[in-house]
Amino acid sequence: MVERGVDPEVERSSVVADPTGGPVAGGEAALALSATEIEALAARLDAAERTRTPIARLTDERPGLSLADAYAVQAALLARRRRRGETIVGAKLGFTSLAMRHALGVEVPNFGWLTDAMLLDGPAVPLGQLIHPKVEPEIAFLLGRDLRGPGVTAVGGLAATVAVVLCLEIVDSRYEGFRFRAADNVADDSSAARLVLGGRLGDPRRLDLSALGVVLSVDGRLSATATGAAAEGHPATAVAWLANRLAADARGLRAGDLVIAGGLTAPVDLRPGTLVTADAGELGSVSCYGEEAA
């Protein structure tokens, strides 16, 4: 059985990160924060989301917040979601763009978790549930078998994938002004919020995902263009990175998991009535729009 995510029964202190940002088994010695402090920070982020009230960056108060502690906060936040009945359906990658990492001074990608409550049935995005949402086009991988490192390559990631689909990730930072440092973003589940999936499934063995062109438009006007190579050179490389990082903590990805490989363009703001569409040619298109609160 491949352990995925963080089970509420697992001690929060056992979820830590190595110096490059990946989770490893390390125990309490790797954490500077106590379990009480970790839970308090998770509660703060949880309340920010549920009340739509952004908070100051955790690193403003704790400038030395490590990635190890940040992943522990993320785990506590995920446990809160699961206690409310949410189910993990997959994972998301962040900072898979080299340009974005350079801009933020981040050396490696990060990851967060997707739950069933984040998946939208249609294009309408309920803005009344979000703080300051933005939209990014991404490529999602639907795994047909368990994927566990170490040693996973992009080829191995593709072999484990039954289908790929174009999607729009709606990210929503719980921090004031959508401003954060790397550790803040990790603690905040890599800004995970909502997800809209396209309707066309692609065969990962027949598509050149690194060369796949994506056109992003906002209200019918061209906003940005990119190729799949924007995510770690090849989006399957990002999936492989995640599998190998999870393996360091005896965890992995499961058959049926949905893994989104990171934003291909800069995010665009989603406001009431705004229509965002991504088109990837043979992989089809996907749209979402901001729906005002009733």
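A few points on the structure.

1. A closer look at helix H1 (residues 35–51)
And then number 1: Counted at 1.5 Å a residue, the expected span for H1 with its 17 residues is 24 Å, and the 24 Å between its end C-alpha atoms agrees.
And then number 2: Where H1 is concerned, the buried positions are Ile38, Glu39, Leu41, Ala42, Leu45, Asp46, Ala48 and Glu49.
And then number 3: Here the buried face of H1 lies against helix H2 (58–61), helix H3 (67–83) and helix H6 (182–187).
And then number 4: Following H1 by one or two positions, Arg52 has its phi on the positive side, about 55°.

2. Here's the deal with the pairing of strand S3 (residues 88–94)
And then number 1: Here S3 lies mainly inside the structure; seven of its seven residues are buried.
And then number 2: Of the pairings in the sheet, the one linking S3 to strand S11 (residues 258–260) comprises three bridges and is parallel in character. Paired with Gly90 across the two strands is Leu258, which belongs to S11.

3. Considering the nonpolar core
And then number 1: In terms of nonpolar packing, the biggest core is built from 78 residues, with Phe141, Leu242 and Leu253 touching the most fellow members.
And then number 2: One finds Met118, Ala140, Leu195 and Leu258 within the second-largest nonpolar core, a separate group that totals ten residues.

4. Some remarks on the packing of aromatic side chains
For any pair of aromatic rings, geometry is given as the distance between the ring centres together with the angle between the planes.
And then number 1: The final tally for this structure, using the stated rule, is three aromatic pairs.
And then number 2: With centroids separated by 4.8 Å and ring planes inclined at 25°, the aromatic side chains of Tyr71 and Phe111 adopt a geometry described as stacked. Note that Tyr71 is positioned in helix H3 and Phe111 in strand S4 (residues 110–115), a separation of 40 residues in sequence.
And then number 3: Arranged with centres 5.9 Å apart and planes meeting at 80°, the rings of Phe111 and Trp113 form a pair that is edge-to-face. The pair formed by Phe111 and Trp113 is uniform in burial state, with each residue classed as buried.
And then number 4: Over the ring of Phe178 we find Lys134; its NZ or CZ atom is 5.1 Å from the centre of that ring.

Conventions used here
Residues numbered from 1 in each chain as written. Predicted model: local features only at pLDDT ≥ 70, side-chain atom pairs only at ≥ 80, totals over all residues. Heavy atoms only, no water. Helix = DSSP H or I, 4+ residues; strand = E, 2+ residues; numbered from the N terminus. Expected span 1.5 Å × (residues − 1). Buried < 20%, exposed > 50% of the residue type's maximum accessible area, 1.4 Å probe, protein only. Contact = heavy atoms within 4.5 Å. Pairing = 2+ DSSP bridges. Core = buried A, V, L, I, M, F, W, Y, C linked by side-chain atoms within 4.5 Å. Phe/Tyr/Trp six-rings, centres within 6.5 Å; stacked < 30°, edge-to-face > 60°. Lys NZ or Arg CZ within 6 Å of the ring centre and 35° of its normal.

Spatial relationships are all this shows, so hold off on functional conclusions.
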